[in-house]
Number of protein chains: 2
Amino acid sequence: MPEPTNGTDLRELLRVPPGEPVDLGRHDPGATPGGPGGKAAALAGTARLAATLAGLQERLYAASTRGDRRSLLLVLQGMDTSGKGGTVKHVAGAFNPAGCRVKAFRAPTVREQAHPFLWRVARALPLPGEIGIFDRSHYEDVLVPRVHDLVPRPVLDGRYEEINRFERTLADEGTTVVKVFLHIGREEQRARLLARLDDPDKHWKFSPADLAERARWAAYRKAYELALERCSTDAAPWYVVPADRKWYRNWAVARLLLGHLEDMAPRYPEGDFDVEECRARLIAR
Amino acid sequence: MPEPTNGTDLRELLRVPPGEPVDLGRHDPGATPGGPGGKAAALAGTARLAATLAGLQERLYAASTRGDRRSLLLVLQGMDTSGKGGTVKHVAGAFNPAGCRVKAFRAPTVREQAHPFLWRVARALPLPGEIGIFDRSHYEDVLVPRVHDLVPRPVLDGRYEEINRFERTLADEGTTVVKVFLHIGREEQRARLLARLDDPDKHWKFSPADLAERARWAAYRKAYELALERCSTDAAPWYVVPADRKWYRNWAVARLLLGHLEDMAPRYPEGDFDVEECRARLIAR
C-alpha cells in the first residue's frame, strides 16, 4: 500500500523539470516536502515501505528468470556527509542482497583513467532483474573536473550530452534510472563532520581532504546545478531530496523507488510446465 | 554478546574434522545441535546476532580503508530447496549491502567453460573489508560432473587438490573461508518442492529438471560426502548445518559467522590526522 503523501506523487514534488534552470538556493535542505508528518511517522512509514519494496524486487527478479530484461538503477550523489552511504544502508537494506548490486565509485584508478569515463560505470550496471545502486557515479566526472579545472572546458561540456545518450540507451534497454541528489546544507555538513571528529570510531570516515573540498562549497554547488539542469531528462530524471533530516531522506528515497517500481509493475512469471504431472512425480518418489 | 550454546562453540559441533570420512547418514537434517532451544528463541537470537554481525562488518570494512587486507567468504552449498537463497536473504540481510558481495553461480556459460573451473570463482571473491557470499560455488565442479559423469575421473579427482590449494592461498592472503553444507532431508525436499507447486507465485523457482536431479539423490549425497571429507581443511573448514528447520539454519549460519568474525577481531582504525586542528578549521568556516 503506498504511503499517503497528501494526494501528491512525491516524484512530481521532487523532480527537476527537464530543461529548466536549477537554483539550489530555492531548495531548503531542512524541508520535508510531501513528508508523512514528522520523524516517528517517517520511521514507521519507511519500515512499511521496506516490505513492499522487497516484494516488488522479488517479482522483478522472478520475471527476469523468464526473459524480462528490466532492472532499476538508483544513482546517489551529494556533498560529503550528505548521506549516500546511510541511504544505501537503510534503503538498500530493504532488498534481498542477492538481487541488489551496490557499487561505490571512488577516485578513478590508473586503469579506469585509461578508459572513457563511462567505461567503469557500464561495467557496474545491474543485470536484468537486479536493483543497482551507485554511491557516486559518472556524475563525479562533471563535478570534480569542473571544480578543480582538470579537463578542458569543451571536453567537459561534451560529457553532459554523452551522459544523456548513455542514460537514454539504458532506459531503452529496460533499465529504470532514478537519480537522487541528496541536498544537505552547509551548516548540517559542519555538524556531521564535527560529529565524526568527536567519535574515534568514526575517524576512518574523515579525511582532512574533506575540509579542502568543503572550502569549495560554492563551486560544487554550481557544478551540481549544471548537472541537474542539463541531465534531468524524461528518460532519466533527477530528484532533489532535502537531506538534513535523515528520517525524511530515507523515507523519500524509499518512496521514490516505490513509485518507479510500481510503474514497472513486475509480475511473477507463469510456469511453463505441467503442475499436476510434476506433483504426481513428486508424490510417487 | 555471543549467544549461549551451552558452553560449546558451535563450530566445534558442526565442523567436519579434516581427514576423516564423512557419512551424512549420521547427521540428522532435522536436528538442532547447540541450538538456543526452540523456534522462538532462535528467531530472537538471530535478530540479536544481526546487529552484532553488522557491527563487526563495519569494523572489518573500516579497517580495510587503512590497509587491513582481510575479508570473509561464506560458501553455501546444498541440494535444491536446502535454503541457500533463504540463508542469503535472512543472514546476509544483516549486513550493510555496501560491503556485502553476493554471487550466485549457475551452470557455467560458454565463456566460463573456456576457462579453468576456478576462473569464474576467482573473479567473484570479496575485496579487502568485504563479506563475500557464494550461493553455490566451485564445489559444483566436483558435484555435477561426478553425478553426471561429465569429466574423466582422474581430472575430477585432481580438482579436490586444486580446490584445497586455492582455498589455502585465499586464507594466506587474509580471507577467512567458511563453508556451509545445508543438510536437508529427502522428505523435507519433497515437501518444499510440493509447496512451490502449490503456489503459482513460486512456480518461477521450480523446474521439472529439479525432479530429475532429485532422482539422483544418492549420487549427489555421495558426491557431497567426498567433497566434505576431501576439502575440509584447517585453512577452510566445512560445516554441516542441519537445514530442515529454517529457524535453526539461519541461527546456526549467523552464529558460525559470528565466531569467525570475532576471531578476526577487526578494529576501527585510528585517524592519521590532527583532530584538534581539523576541529578548529571546521568551526572557523
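Attention in this report is confined to the structure presented alongside it.

Conventions and cut-offs
Residues numbered from 1 in each chain as written. Chains lettered and ligands numbered in written order. Predicted model: local features only at pLDDT ≥ 70, side-chain atom pairs only at ≥ 80, totals over all residues. Heavy atoms only, no water. Helix = DSSP H or I, 4+ residues; strand = E, 2+ residues; numbered from the N terminus. Buried < 20%, exposed > 50% of the residue type's maximum accessible area, 1.4 Å probe, protein only. Axes fitted to C-alpha atoms, helices over the stretch in contact; angles between N-to-C directions. Left-handed = near helix turned anticlockwise from the far one by under 90°. Contact = heavy atoms within 4.5 Å. Nonpolar A, V, L, I, M, F, W, Y, C, P; charged D, E, K, R; others polar. Pairing = 2+ DSSP bridges. Buried area = accessible area lost by both parts, 1.4 Å probe. Salt bridge = Lys/Arg side-chain N within 4 Å of Asp/Glu carboxyl O. Polar contact = N/O pair within 3.5 Å; in protein donor to acceptor, adjacent residues only side chain to side chain.

Quick notes on unusual backbone geometry
Only a minority of non-glycine residues have a phi that is not negative, and only a minority of peptide bonds are not trans.
Consideration 1: We note that D149(A) has phi near 55°; this positive angle belongs to a residue other than glycine.
Consideration 2: When you line up the elements, D149(A) lands in the loop between α6 (140-148) and α7 (153-172).
Consideration 3: What makes D149(A) exposed here is its relative accessible area of 59%.
Consideration 4: Even without glycine at this site, T81(B) takes up a positive phi of about 70°.
Consideration 5: Along the chain, T81(B) falls in the loop between β1 (71-78) and α3 (84-91).

Re the packing of α6(A) against helix α10 (residues 217-231) of chain A
Residues and elements named next belong to chain A.
Consideration 1: At their nearest, the axes of α6 and α10 sit 9 Å apart, and the two run at 145° to each other. The hand of the α6/α10 crossing is right-handed. Between α6, through E140, V142, L143, V144, R146, V147 and H148, and α10, the contact on the second element is made entirely by A219, Y220, A223, Y224, L226, A227 and R230.
Consideration 2: Among the residues forming the contact of α6 with α10, the class breakdown is ten nonpolar, one polar and three charged.

Things to note about the sheet that holds strand β1 (residues 71-78) of chain A
All names here are of chain A.
Consideration 1: Pairing in this open sheet of five strands is parallel, and the strands run β2-β3-β1-β4-β5 from one edge to the other. The sheet is open, and its two edges are formed by β2 (100-104) and β5 (238-242), each paired on a single side. Between one strand and the next, the sheet's axes are offset by a mean angle of 20°, whatever the strand orientation.
Consideration 2: Docked against the sheet, α7 engages β1 and β4 (175-183), running at close to 135° with respect to β4.

Concerning the interface of chain A and chain B
Consideration 1: Residue-level contacts link 42 residues of chain A with 42 residues of chain B.
Consideration 2: Buried area between chain A and chain B, both sides added, is near 4,000 Å², and the carbon and sulfur share of it is 63%.
Consideration 3: Scanning the region where chain A abuts chain B turns up four salt bridges.
Consideration 4: In this structure, the connection of chain A to chain B is made through ten residue pairs in polar contact (both at pLDDT 80 or more).
Consideration 5: For the side of chain A that touches chain B, the secondary structure elements donating two or more residues are α2 (39-64), α3 (84-91), α8 (186-198), α9 (208-214) and α12 (275-284) of chain A.

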